Amino acid sequence: MQAAIDTATQQTLLRQIFDLVSARPSSACNFLPLPPLLAPAATSSSPDAPTQITYRHYATLYFILISTSTESPLALLDFIQVFVEALDRLFENVCELDLIFGFETLHAVLGEMVVGGVVIETGLEKIVAGVKESEGVKGKRKAVNASSSASLGKSSGFAGLGWATGTGSSWR
Amino acid sequence: MFEKSLVDLIRGMRGHKGREAEYIQSAIKECRTEIRSQDMDVKATALLKLIYLEMFGYDMTWAAFNILEVMSAAKHMQKRVGYLAAVQTFRPDTEVLMLAENLLKKDLTSPSIPTLSLPLITLPHLVTSSLALSILPDLLPRLTHSQPAVRKKTITTLYRLALVYPETLIVAWPKIKDRLLDENEDSSVTAATVNVVCELGWRRPRDFLPLAPRLFELLIEGGNNWMAIKIIKLFAVLTPLEPRLVKKLVRPLTNLIQSTTAMSLLYECVSGIIQGGILDGADAGVNVEEVADLCISKLRGMILLEGDPNLKYVALLAFNKIVTTHPALVAMQQDVILRCLDDPDVSIRLQALELATGMVSSDNLQSVVDRLMKQLANAPPEKSTFLNGSVEDQDNTDLEQKLVPDKRGSEASPLPNEYRHEIISKILDMCAADTYANITDFEWYIETLVKLIRQLPGKTNDTLTGRHDRTLNLPARIGSQLLDVTVRVKELRPEAVRAAERLATMSSRGMYFASHGYGQAEILEVAAWLCGEYAVHLSSPYEVINSLVHDQTKDFASSTIGTIVQAIPKVFASITKSANQEWNASRKGTLELMLGRITSFLDTLSAHPNLEVQERSVEFLELLKLGSEALSAATIDAPEAPLLLIHALPALFEGSDLNPVSSAAQKKVPIPEDLDLDTPLNPNLDTILRSSQLIDEEEGDDEQTTAFNKFYFEREITALASIRPTTRSQYVEADNDEAVSYQGIPDSPQTQARKKAERAARNRDDPFYIPGGAHTPSDEIASVIGKQAGDLDVDSIPIVDLNIDPSQLQHGQSTEKPKKKPKRKFMIAADETLDPTSDQLSSSFSDTRAPRSLTRNLSNTAPSSSVPATGNRRNFLSVDSSNLGAFSLSDQEQSGTLQLDIERRLAEEAEMAAALKEVERKRLELARQEEEARTHVAEGVDEEGIVVKRKKKRSKKPAGDETTEQSLVDTLKKKKKKKVKKSEGGDPVQDSQPDFTEQ
């Protein structure tokens, strides 16, 4: 549950997961061992403790979900796929820049899919419709084409991971 | 004034590459002003920028109040920014939260769906029990909203409310259930409901059995794979409670397995069958064989399917669940599983490793371990620079690249240290399991252990990985295995000692130890001890001595030096003994030379900062100086070497063999009947204490001051003395309660018992006799204690050695022995103890893996000591992982109380049932009544404050007017609530748990 994390811890967690995830070749499976911060207490095996980390790698971005063992690992992978497809619909050929500039929309998509750590919707059409309704007449939010942004500093790349994980962790 | 937009900010950050931090600081400063603006647009933009920066880790909790302002904006898009900020930064303990209450209520009744959704998706992130209580009446009607999108969000929000305020379920559960049972409900609402039901389901499955028919229906007819997966997962929890379900489920599940094209569903069906215990359902009329074959073959297929590592991974995961109950079934798939050990993906390898550990038997142990050894040997050690690679990667990334699944080529990565660590510790686990039950060839095992030393990973940051106390450091484990095998398997000793010799010998060390040198000290400690203890088996004792007295020794940890110092005279003693057989001048010369080396070595150590090392060095130094005097005094043509060297010195170290002693053995030493720990040593303690107190008060008078001083010192002594008996007796009492074996022993013949008692009394003077059984002296003692198990013969104790005892005792007992002893417990034969039938034996293995010091503590201080140990560990971790842990903790608490409260709940059930019927009609009214009823129950429990405040609040709520007083109440209540959460049991909120069972 995201609400329990303060900003600093969240950053540490991001850093740890990123270290894990970035060291993996693309041929590896999409499940991560738990980072040190989440290492289970030896004695407790509560179903509420986060036990799996699922990620998917798209171009420059990692989408990472932290969940309890009560979620199906393969379904989580599909979940990320649906999430990205929804983004793709909303942004049309979504890329990292779209998500950086349009992170509000990204959160809106997530809000249509997960509430309080429970998946509420996995139907692409309904998700897209829900977000469009909430964004009103704003229409397509294609990011400004900033040609000067071809090269990207390390930190912004990391921010991309930042929200992907940050929002992901609101899933339990 | 011109303000930056979000786009400006992001571009600005790009533009200031390398100086981002500076730029961000100035941006935050701007935001601080902008967010105070009267213009809502400016405010919202500033907030949006802050949210963006928050993702980089820049704190924005200071803007909490401004977030509230934006949340209450009129325009939806601004409102949305405010709510997003709330999701990102508000915590249940955020202070301004109580001010948000009205706003949330208002937005919950908004006619606009998007606006209405905002509080719904935000509430789960910040809800507190008091907020839940007040928001519930506004939230409930949304369950019947005309839009499915609202209904499904409401359902999950209600679930999250219930987590902090369980009473929510009393009123909400019937409605949620209606949504589930309503066949005309929108499919996505049903799916969301199922998800919520599942979340609740694994917390208290029993309550959900009545829903099984409907869930079953949904499973078969739902046609929604996402939902089916959830339902199957829930059924896996339900089947153990309702065996009849097994029979019902088997058919549809096997059908699904055979027909579905969705891998995730297929996998969940298989895993549901495994976890639901359907494989054990033979008595329920299930054809277990057939089902098991189906599952296993599907899983096998998933592993074999090339190109999808995910399937491989989850299949191994499923196998790991089966292996505990059906190891044979899994072992049949050995071929594919073992292939996964070499998979390029570390996650898969780890799973396979776990699985391999679970399924090894004496048949396949060697091949599995050899495979792993090969892997260790072939992989290059981890390079610490792998991060640089990823940084370079990032520089080349194209941000406008479309988000398509990544297809980068795979590169073979070196074995990470973590994984190396894992492999080695698993190898040790596998081999040592059940005191080497699976090992048939011990020579091979010794060889493997020696090879493992070379593969040890470099020093890992133990505290960072949290591994520190779970698996103690590997070198020590390997060392203890080496030691253990040597002591336990007599036939192997010559080989084992020769292996130790190779390790200890200077010239070959480079061959056996990893280049980073980590762990060398621990291994050498063991090797040195083995060389000393079993010096007869050494092939070239001269060389061993030369290596041990090498200058390099001084750089090791003091415990290692201590062991080496102890080993040197032992090896030397064996040399003199053999030298004596053909005594001549050249031998004398050699001995003299060697003595010279040893004494100069010990001489340098006699000023070692570690007292233990110092003491041993000085003692042996003096002893060997005598020897060297005797040697130089001896004439060249003497028929044999001086007696001191050939008899007295070896006699120090010879005796009967060391035997492995169970860690539980000490506890079984009977207490002599005449030992009275309850009688105070000084019966006048009270008077003395009192008078000393009196004097304290009258201090000032000269005479009395001297008297006081006198008393002061007396008091110190007596107080100490009197404290000890009480605590000791307590200790013994506690011990008696737990370890009945104390009393269980005296069944033996009387004489035997008497002898035991006598010896126990004698040994009691030195508490280290038993746990610390040492070298020379304790060789005997250890064996004697060991023999107590069987027919003990006290008389077998060599009298000579016992005489030597007092002088040598401290040696043996101090550093070296107690550390090693616990390790030596593991004999292929079995541990020796006073009462071999005791189940304590089984615990001895787990002890091996505990750190040395821990083992020692455990055996010395009663079982209770292990409890605080684990407690500490948990605390430590929970602090560390406070992020995601906090929720689960509170939740655990609740589910814990749920179970504890079953009895109380039963009593309340009738009362509740009546109340619940009314809920349907008069929800608001009833909520009030409920609370009142509950407060009555809770009154006098412990936290009166809550009761009073609840009442106040409740009576106010219908009026709907929030005043400052109201919010004051809220803060107070919040504080109280926190406290209550910590105290167990007395919490009125938790006492009256939701009773949705009966509905």
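Residues numbered from 1 in each chain as written. Chains lettered and ligands numbered in written order. Predicted model: local features only at pLDDT ≥ 70, side-chain atom pairs only at ≥ 80, totals over all residues. Heavy atoms only, no water.

**Some thoughts on the side chain of glutamate 54 of chain B**
Right, so step 1: Inspection of the secondary structure assignment puts glutamate 54 of chain B in helix H3 (residues 40–54).
Right, so step 2: For the buried glutamate 54 of chain B, which has no salt bridge, the nearest side chain bearing the opposite charge is arginine 91 of chain B, at an N-O separation of 4.9 Å.
Right, so step 3: Excluding residues that lie within four positions of it along the chain, glutamate 54 of chain B makes contacts with Thr7 and Gln11 of chain A together with Met60, Gln88 and Thr89 of chain B. (Helix = DSSP H or I, 4+ residues; strand = E, 2+ residues; numbered from the N terminus. Buried < 20%, exposed > 50% of the residue type's maximum accessible area, 1.4 Å probe, protein only. Lys, Arg positive; Asp, Glu negative; His and termini not counted. Salt bridge = Lys/Arg side-chain N within 4 Å of Asp/Glu carboxyl O. Contact = heavy atoms within 4.5 Å.)

**What about the pattern of salt bridges?**
Residue and element names in this part refer to chain B.
Right, so step 1: This structure, assessed with the given rule, holds 32 salt bridges over all chains.
Right, so step 2: Where glutamate 69 meets lysine 43, a salt bridge forms, and the shortest distance between an N and an O atom there is 2.6 Å. Of this pair, glutamate 69 sits in helix H4 (residues 64–71) while lysine 43 sits in helix H3; the two residues are 26 residues apart in sequence, bridging distant segments of the chain.
Right, so step 3: Under the relative-accessibility criterion, lysine 43 is labelled buried at 7%.
Right, so step 4: The partner of lysine 312 in a salt bridge is aspartate 343, and the shortest N-O contact between them spans 2.9 Å. Within this pair, whereas lysine 312 is found in helix H17 (residues 309–323), its partner aspartate 343 is found in the loop between helix H19 (334–340) and helix H20 (346–359), the two being separated by 31 residues in sequence. Both residues of the pair, lysine 312 and aspartate 343, count as buried.

**What to know about the environment of aspartate 98 of chain A**
Residue and element names in this part refer to chain A.
Right, so step 1: Here aspartate 98 lies in helix H3 (residues 96–101).
Right, so step 2: For aspartate 98, a relative accessible area of 1% translates into the label buried.
Right, so step 3: Residues aspartate 98 and leucine 87, spaced 11 residues apart in sequence, show a C-alpha to C-alpha distance of 9.3 Å.
Right, so step 4: Within polar-contact distance, the side chain of aspartate 98 engages the backbone nitrogen of cysteine 95 at 3.0 Å. (Polar contact = N/O pair within 3.5 Å; in protein donor to acceptor, adjacent residues only side chain to side chain.)

**Side note on unusual backbone geometry**
What is expected of a backbone is that most residues other than glycine have negative phi and most peptide bonds are trans.
All names here are of chain A.
Right, so step 1: Within the chain, alanine 59 stands out as a residue other than glycine whose phi angle is a positive 45°.
Right, so step 2: Tracing the sequence through the fold places alanine 59 in the loop between strand E2 (50–58) and strand E3 (61–68).
Right, so step 3: In this structure, glutamate 92 takes a positive phi of about 60° despite not being glycine.
Right, so step 4: Along the chain, the position of glutamate 92 falls in the loop between helix H2 (73–91) and H3.

**Looking at the packing of helix H5 (residues 76–89) of chain B against helix H7 (residues 113–126) of chain B**
Two quantities define a packed helix pair, namely the angle between the helix axes and the distance between the axes.
Residues and elements named next belong to chain B.
Right, so step 1: Running from N to C, H5 and H7 cross one another at 10°; their axes reach a closest spacing of 9 Å. Our classification of the angle between H5 and H7 gives roughly parallel. Across the interface between the two elements, His76, Lys79, Arg80, Tyr83, Ala86 and Val87 of H5 pack against Pro114, Thr115, Leu118, Pro119, Thr122, His125 and Leu126 of H7.
Right, so step 2: Among the residues forming the contact of H5 with H7, the class breakdown is seven nonpolar, four polar and two charged. (Axes fitted to C-alpha atoms, helices over the stretch in contact; angles between N-to-C directions. Parallel < 35°, antiparallel > 145°, perpendicular 65-115°, else oblique. Nonpolar A, V, L, I, M, F, W, Y, C, P; charged D, E, K, R; others polar.)

**Notes on the side chain of threonine 128 of chain B**
Residue and element names in this part refer to chain B.
Right, so step 1: Residue position: threonine 128 is located in the loop between H7 and helix H8 (129–139).
Right, so step 2: The class of threonine 128 is buried, set by a relative accessible area of 10%.
Right, so step 3: A distance of 3.2 Å separates the side chain of threonine 128 from the backbone nitrogen of leucine 131, its partner in a polar contact.
Right, so step 4: In this structure, threonine 128 is in contact with Pro92, Leu97 and Val164, ignoring residues within four places of it in sequence.

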